[in-house]
Amino acid sequence: MEKTPDADRTVVYSKLRFTDGSALGVAELTADTKAEGEHVIGNNIHIGLIYEDPAEQRTAFDKLARHGKVLEDLENRFWGAAYGAVRDKYGVIWETNCYLPQGDGEESGETGALA
């Protein structure tokens, strides 16, 4: 396998967990984001926010989207989370995740968090 140039200096994804259970995730600029234009300070990383309450996630997502651009709508995703991505008015990319309860007791298979 070929070595990627400067791979030893690259952070693909990092997560910092806090004692209250919340977490902050950071990812580097991806190829699809680069395709939207040159990177500037602010869009060269993604900041991930992880929520336990879908209502809190929705409130934060809507505030970040105000005067910004929704990159991915906030929707339930196949990996069991409500997820959305926004570029705020300053160019910073924010990704929000809220892992949804998974269980056997639901007939429809839908969690209903964002339905």
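Refer to the preceding data block for the structure.
Here the residue index of a chain counts from 1 through its sequence in written order. Thresholds applied to this predicted model are a pLDDT of at least 70 for local features of residues and 80 or more for the giving and counting of side-chain atom pairs; totals over whole chains, interfaces and linings are not thresholded and use all residues. Side-chain metrics rest on all non-hydrogen atoms present in the structure, leaving aside hydrogens and water.

A. View of the overall build of the protein. Put simply, DSSP marks the helices as runs of H or I at least four residues long and the strands as runs of E at least two long, and each gets a number from the N terminus on. On a plain count of helices and strands, the protein comes out with two helices and six strands. Shown N-terminal to C-terminal, the secondary structure of the protein runs as helices and strands in the order β-β-α-β-α-β-β-β. Relative to its full complement of 115 residues, the protein shows a buried share of 31%. As displayed, the protein offers around 8200 Å² of accessible surface, 52% of which is attributable to carbon and sulfur atoms. Think of it in three bands: residues with accessible area under 20% of the maximum for their type are buried, residues over 50% are exposed, and the middle band is partly exposed, with areas taken using a 1.4 Å probe on protein chains only. Surface exposure here means Shrake-Rupley accessible area, sampled with a 1.4 Å probe, where a residue is shielded only by the protein chains that are shown.

B. Local environment of the nonpolar core. Core analysis: the biggest nonpolar cluster contains 14 residues, and L49, Y51, L64, A82, V86 and W94 have the highest contact counts within it. Considering each element in turn, this core owes the most residues, four residues, to helix α2 (residues 54-65). In this view, Y51 contacts E56, Q57, A60, T96, N97, C98 and Y99; residues no more than four positions away in its chain are not counted. In plain words, nonpolar cores are sets of buried Ala, Val, Leu, Ile, Met, Phe, Trp, Tyr and Cys residues tied together by side-chain atoms within 4.5 Å. Residue contacts follow a heavy-atom distance rule, with two residues in contact if any of their heavy atoms lie within 4.5 Å.

C. Spatial organisation of the pairing of strand β5 (residues 81-87). Here β5 lies mainly inside the structure; seven of its seven residues are buried. When DSSP finds at least two bridges between two strands, those strands are taken to pair. Summarising the sheet, strand β4 (residues 69-76) and β5 pair through five bridges and their orientation is antiparallel. Considered in β5, the bridge of V70 is made with V86. In textbook terms, the turn of a hairpin is the stretch between consecutive antiparallel strands, and for β4 and β5 this stretch comprises four residues, one of which, G80, has a positive phi near 90°. The hairpin formed by β5 and strand β6 (residues 93-99) contains five residues between the paired strands, and G91 there has a positive phi angle of roughly 95°.

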